[in-house]
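# Observations on the three-dimensional arrangement
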Amino acid sequence: MIIYSIRRLLLLLVTLFFLSLVSFSLSYYTPNAPLSGASLTDAYFFYAHNMIHFDFGISSINGEPIKSQLVEALPATMELCTLAFLFALIVGIPAGIIAGVWRNKSADIIISNFALLGFSVPVFGLALLLTLFFSLKLGWLPVSGRIDLLYNLQPITGIALVDAWLSDSPYRQQMIINVLQHLILPIITLAIAPTTEVIRLMRNSTEEIMSENYVKAAATRGLSRFTIIRRHILHNALPPIIPKLGLQFSTMLTLTMVTEIVFNWPGLGRWLVTAIRQQDYSAISAGVMLVGSMVIIVNVLSDIVGAMSNPMKHKVGYAFR
């Protein structure tokens, strides 16, 4: 287990190094690049030194420090992705277990068809459909933004829901409700695709566990389905899919760009798309490095957590090497 974790951390460092080369090339080889005047070696070491100190330079469009723009955009994206990921787990894990336990039954057919439909619908199409129905037709939910402009929400953490909770405004309760209303549609849009994948992974894992002898022995002893699920299936079916859950969080980091554009969400995705449109290569370089680093770190951490929850699998693997 220790050897496996060390190997994954070394892979993390190597991958981050190659990612830094990609990000550096955007600051060196592009038109009007800020580092193009220096030699290649000096320019890279200058770039790496600044990255270590979280100095991403100055935006060529508005002349503001990129770091300050990221500080404003990143919490909004992480709030959206974290809540959507929790939604995917809360809905996907129970639905996957139900589909796996009652496989080929009506519950399995309904859940599997729902998962297939959710996986097939494009994110931008789903976002537009939800906006048209719940916002424009029914008027239940706001169209865009994080909070109504009527409320003066002071940024404390950058996470709107937490800032509304910590606010000392007399309209604190109304602000919390308003923030939640703005979160509903973006979260559902962003969570649909990962939810369907969690359902598929959990269904396959549950189906494999259901064929084990200890589950069959528990059924012959007269234990109820709920008891079998609680004692045997849940903690045996979940660990194998933990490393794959990291991929779903990484997928949401990429899907959030489309979601933030449709719902005018002031996050990292919309900021990066704006930088691409305006050819702000310094901002693009910083965005590539930041998003890529988060994707790599989340995947490595999920691999390590999955190995910790199921260490025998890796012990057996090393025994045959």
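Residues numbered from 1 in each chain as written. Predicted model: local features only at pLDDT ≥ 70, side-chain atom pairs only at ≥ 80, totals over all residues. Heavy atoms only, no water.

As annotated in an unreviewed UniProt entry, the protein is Putrescine ABC transporter permease SapB from Proteus faecis. Its UniProt record, at the heading Sequence similarities (unreviewed entry), says of the protein: "Belongs to the binding-protein-dependent transport system permease family. OppBC subfamily." (UniProt positions renumbered as here; feature names shortened; annotations may be inferred.)

### Let's talk about the nonpolar core
Counting 64 residues, the largest nonpolar core has I66, L70, L190, I233, L268 and W271 as the members making the most contacts within it. If you tally residues by element for this core, the top one is helix α7 (residues 172-210), at 12 residues. For W271, the residues in contact, after removing those within four places along its chain, are I66, Q69, L70, A73, A283 and G287. (Core = buried A, V, L, I, M, F, W, Y, C linked by side-chain atoms within 4.5 Å. Buried < 20%, exposed > 50% of the residue type's maximum accessible area, 1.4 Å probe, protein only. Helix = DSSP H or I, 4+ residues; strand = E, 2+ residues; numbered from the N terminus. Contact = heavy atoms within 4.5 Å.)

### Looking at the UniProt feature "transmembrane region" (unreviewed entry) in the protein
Per the UniProt record, "transmembrane region" (unreviewed entry) is found at residues 83-102, 114-136, 175-193 and 283-305. With 91% helix and 0% strand, the stretch residues 114-136 has end C-alpha atoms that lie 25 Å from each other. Helix makes up 100% of residues 283-305 and strand makes up 0%, while its end C-alpha atoms are separated by 33 Å.

### Observations concerning the packing of helix α5 (residues 123-137) against α7
Where α5 meets α7, the closest approach of the two axes is 10 Å, and the angle between their N-to-C directions is 150°. Taken together, the axis directions place α5 and α7 in an arrangement best described as roughly antiparallel. The handedness of the crossing between α5 and α7 is right-handed. Seen from α5, the contacting residues are V123, L126, A127, L130, T131, F134 and S135; seen from α7, they are L185, I188, T189 and I192. The class makeup of the residues in the contact of α5 with α7 is eight nonpolar, three polar and no charged. (Axes fitted to C-alpha atoms, helices over the stretch in contact; angles between N-to-C directions. Parallel < 35°, antiparallel > 145°, perpendicular 65-115°, else oblique. Left-handed = near helix turned anticlockwise from the far one by under 90°. Nonpolar A, V, L, I, M, F, W, Y, C, P; charged D, E, K, R; others polar.)

### Let's talk about the side chain of T259
Among the secondary structure elements, T259 is positioned in helix α10 (residues 242-262). Here the side chain of T259 touches L255 through a polar contact of 3.2 Å, landing on its backbone oxygen. Residue contacts for T259: discarding those within four places in its chain leaves L80, V123, P186, T189 and L190. (Polar contact = N/O pair within 3.5 Å; in protein donor to acceptor, adjacent residues only side chain to side chain.)

### Focus: the UniProt feature "domain: ABC transmembrane type-1" (unreviewed entry) in the protein
Listed under "domain: ABC transmembrane type-1" (unreviewed entry) in the UniProt record, and renumbered for this structure, are residues 74-302. Between the C-alpha atoms that bound residues 74-302 the distance is 21 Å, and the span itself is 78% helix and 0% strand.

### Brief notes about the pattern of salt bridges
Any two side chains of opposite charge can pair if their charged atoms end up close together. For the structure on display, the rule yields four salt bridges. A salt bridge links E197 to R200, with the nearest nitrogen and oxygen atoms 2.4 Å apart. Of the two residues, E197 and R200 are both situated in helix α7; the distance of three residues between them amounts to about one turn of the helix. Relative accessible area serves as the criterion here: at 41%, R200 is assigned to the partly exposed category. With a shortest N-O distance of 3.4 Å, R203 and E207 are connected by a salt bridge. Of this pair, R203 and E207 both sit in helix α7, four residues apart, roughly one helical turn. Accessibility expressed as a relative area gives 17% for R203, which makes it buried. On the basis of relative accessibility, which here comes to 30%, the residue E207 falls in the partly exposed class. Connected via shared salt-bridge partners are D108, R203 and E207. (Salt bridge = Lys/Arg side-chain N within 4 Å of Asp/Glu carboxyl O.)

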